[in-house]
Amino acid sequence: MELALPPKVTDRAFARLAEIGAAGDGQALRVAVEGGGCSGFQYEIKLDTPAEDDLILEKAGEKVVVDSVSLPFLENAVIDFTEELIGARFIIENPNATSSCGCGTSFSM
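What counts and what doesn't
- Residues numbered from 1 in each chain as written.
- Predicted model: local features only at pLDDT ≥ 70, side-chain atom pairs only at ≥ 80, totals over all residues.
- Heavy atoms only, no water.
- Pairing = 2+ DSSP bridges.
- Helix = DSSP H or I, 4+ residues; strand = E, 2+ residues; numbered from the N terminus.
- Contact = heavy atoms within 4.5 Å.
- Axes fitted to C-alpha atoms, helices over the stretch in contact; angles between N-to-C directions.
- Phe/Tyr/Trp six-rings, centres within 6.5 Å; stacked < 30°, edge-to-face > 60°.
- Buried < 20%, exposed > 50% of the residue type's maximum accessible area, 1.4 Å probe, protein only.
- Lys, Arg positive; Asp, Glu negative; His and termini not counted.
- Salt bridge = Lys/Arg side-chain N within 4 Å of Asp/Glu carboxyl O.
- Polar contact = N/O pair within 3.5 Å; in protein donor to acceptor, adjacent residues only side chain to side chain.

Concerning the sheet that holds strand 6 (residues 78-84)
Read from one edge of the open sheet, three strands run 1-6-7, paired in mixed fashion. At either margin of the open sheet sits one strand with a lone partner, and together these are strand 1 (8-9) and strand 7 (87-93). In this sheet, strand 7 lies alongside strand 6 in antiparallel orientation, the contact comprising seven bridges. Considered in strand 7, the bridge of Phe81 is made with Phe90. Strands strand 1, strand 6 and strand 7 of the sheet are contacted by helix 1 (residues 11-20), whose axis makes an angle of about 70 degrees with strand 6.

Here's what the structure looks like:
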């Protein structure tokens, strides 16, 4: 499936993956969209092994993967990493979301 505007990954997110050594363990950052959460959909972000039908976004050997079901929900989204007083985490800036909850992991379209 070819998207007009696939998701983008920031240099900061790729740098964090390099810091935790994901590629050295054969892992990639998986970003998926699932039904649920307080707004209807929620992001699942975890380290995982890439699958054959994943979209693979790669830089300097580090990989971020998105499954084919989640791709339409993440068109033109930005996958980033942030460090704040409340903690550090990967975040999704999704222009397709019409609303989101306070935790930032749940959204509606």
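Considering the packing of aromatic side chains
The geometry of two aromatic rings is summed up by the distance between their centres and the angle between their planes. Counting across every chain of the model gives two aromatic pairs. Ring plane angle 45 degrees and centroid distance 5.0 Å describe the contact between Phe41 and Phe73, whose orientation is recorded as tilted. Of this pair, Phe41 sits in strand 3 (residues 41-48) while Phe73 is found in the loop between strand 5 (62-66) and strand 6, placing the two residues 32 residues apart along the sequence. A residue is classified by how much of its surface remains accessible, and Phe41, at 25% relative accessible area, is partly exposed.

Some points on the side chain of Asp67
In this fold, Asp67 is placed in the loop between strand 5 and strand 6. Although Asp67 lies buried, it forms no salt bridge, and the closest oppositely charged side chain, Arg30, sits 4.6 Å away as judged by the N-O distance. Within the structure, Asp67 has its side chain in polar contact with the backbone nitrogen of Val69 (distance 3.1 Å). Residues contacting Asp67, with those up to four places away along its chain left out, are Arg30, Val31, Ala32 and Asp54.

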